[in-house]
Amino acid sequence: MINTDWYSIRALTLPATAIALLVTFFMVWLILRLQFSKKWSEAYSDAVFTFILVWKFSLLITDFKAVVAQPISLLYFNGGTIGVYLGVIVASLQIWRKRQKRLLQAQSMIAYSWAIILTQSIYQWLVVLFNDNSTMSEVTTLTVLSILTIFILWKLPTVKQGLLLYTAGLMIVAFFQPLGIWQTAVGISLLLLCLGIALEHERIKEGGKE
Amino acid sequence: MKKNIGLLIVVLLVVAMIGTYVKQQINEDRAIEKSALGKDMEEREIGLGNGDTPPDFTLTSLDGEDITLSDLRGKKVVLNFWATWCPPCKAEMPHMQSFYDEYAKEKNVEIVAVNLTTAERDVTADAKVDTVMTFRDSFELTFPILLDPDPNNSVGSDYQVITIPTTYFIDSNGYIQRAIKGPMDVDMLKEYVDALD
């Protein structure tokens, strides 16, 4: 989806996609908090916090010169696409590093699937609502992702199947979106899928049930 | 039982989203119907909305050259309003310049940066121009910077510029495609210019 709207909060102007992401994080946190025990919503907010910090300050890596010349750039700009990937990678490493503590607990992978799927779906829905793109891409995004999300969360087969199915669905949706299949959202979805599969393997290796 | 709370919320969310979306679409259709009534597409209105023809102006650049907006028709125009004391404008300028260096020729786009000279904080008119000049030199800006010095007939107020920077993206037919408030980096500039006809 192409960002077409901007929201001004006093001096700060944020693209609609950034607002959508922030609202998404809060909603998913709330759902996780209600659905699972507290430690999973805490794990989620840890990861989100890491992601936001890395994404925001990744400008230091992508455009160091601008930050030195205009430190205030850090307030207005971010690391863009590279920043989003860096944020997700660092947050993923954080989740991976703490896997021992969490993996063997019941529900760990279900909570992970919920977090990943809901974050992506709610984000996509909000981006559709906040922006103005072609009707075809908007309707496809809303319907496919709604059906997919409810189906997977309701009748979640196994974690691996659920995540694979979801990412495949997202790729089909992306195909109809203006930015096409090579957009950041698809790349991120693949990264999170890999992390999910790796975590699931670890869990079974450690003696968890399939 | 607890298992269903989250799912219930998700279903409610989906219903709410789709409801909002359908409502948005209906409102949009109504707006289009209204605007289509008795209006020829060829006759665009002068205004600041998307699809409008922007108010025309002629201003003098820092180099003493007169530039008229309507003369730039045939080129895409990035029309930026700014002032030297505004931190987001300062943050944005290097990005404007590197965009200009990299893409101006390739994408047939002109950057026109209108300095809100009346809003500069020096006392005399000459001092204001000096400030703008120093600013341009320190950022090594090469795109035309226009001065808007007349408080009674200011282009800034024609364009209802309240927050700065404000940037209008004008397509090669001379219609406004988008207005952005707030600073932009190279990626954003590129994204919006690519979206222009």
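Criteria and thresholds
- Residues numbered from 1 in each chain as written.
- Chains lettered and ligands numbered in written order.
- Predicted model: local features only at pLDDT ≥ 70, side-chain atom pairs only at ≥ 80, totals over all residues.
- Pairing = 2+ DSSP bridges.
- Helix = DSSP H or I, 4+ residues; strand = E, 2+ residues; numbered from the N terminus.
- Axes fitted to C-alpha atoms, helices over the stretch in contact; angles between N-to-C directions.
- Domains from an automatic or database assignment.
- Buried ≥ 20, exposed ≤ 12 C-beta atoms within 10 Å, placed from the backbone.

S.K.: I'm lost on the sheet that holds strand β1 (residues 58–61) of chain B in this one. Help?
M.R.: Paired through backbone hydrogen bonds, the strands of a sheet run either parallel or antiparallel to each other. All names here are of chain B. Strand order across the open sheet formed by 7 strands is β2-β1-β5-β4-β3-β6-β7, with mixed pairing between neighbours. For this open sheet the edge positions go to β2 (66–68) and β7 (176–181), each flanked by a neighbour on one side alone. Put simply, the sheet's adjacent strands are angled 30 degrees from each other on average, direction ignored. Where strand β6 (residues 166–170) and β7 come together, 5 bridges link them in antiparallel fashion. What sits directly across from Phe 169, in β7, is Arg 178.

S.K.: What is the right way to read the domain arrangement of chain B from this model?
M.R.: A common way to state how big an interface is: give the accessible area lost once the parts meet. In terms of domain boundaries, chain B breaks down into domain 1 (1–39) and domain 2 (58–194). Summarising the inter-unit geometry, the C-alpha centres of domain 1 of chain B and domain 2 of chain B are found 38 Å apart.

S.K.: Whenever I open this one, the environment of Val 23 of chain A confuses me. Can you help?
M.R.: With respect to the helices, strands and loops of the structure, Val 23 of chain A is situated in helix α1 (residues 16–35). Sequence separation between Val 23 of chain A and Tyr 123 of chain A is 100 residues, and the spatial gap between their C-alpha atoms is 8.1 Å.

S.K.: Is there a simple way to explain the pairing of strand β3 (residues 76–82) of chain B in this structure?
M.R.: All names here are of chain B. Burial analysis of β3 places 7 of its 7 residues in the buried class, which makes it a mostly covered element. Residue alternation in β3 divides its side chains into two sets, Lys 76, Val 78, Asn 80 and Trp 82 and Val 77, Leu 79 and Phe 81, and both sets are buried. Pairing analysis gives 5 bridges linking β3 to β6, with the strands arranged antiparallel. The residue of β6 that forms the bridge with Val 77 is Ile 170.

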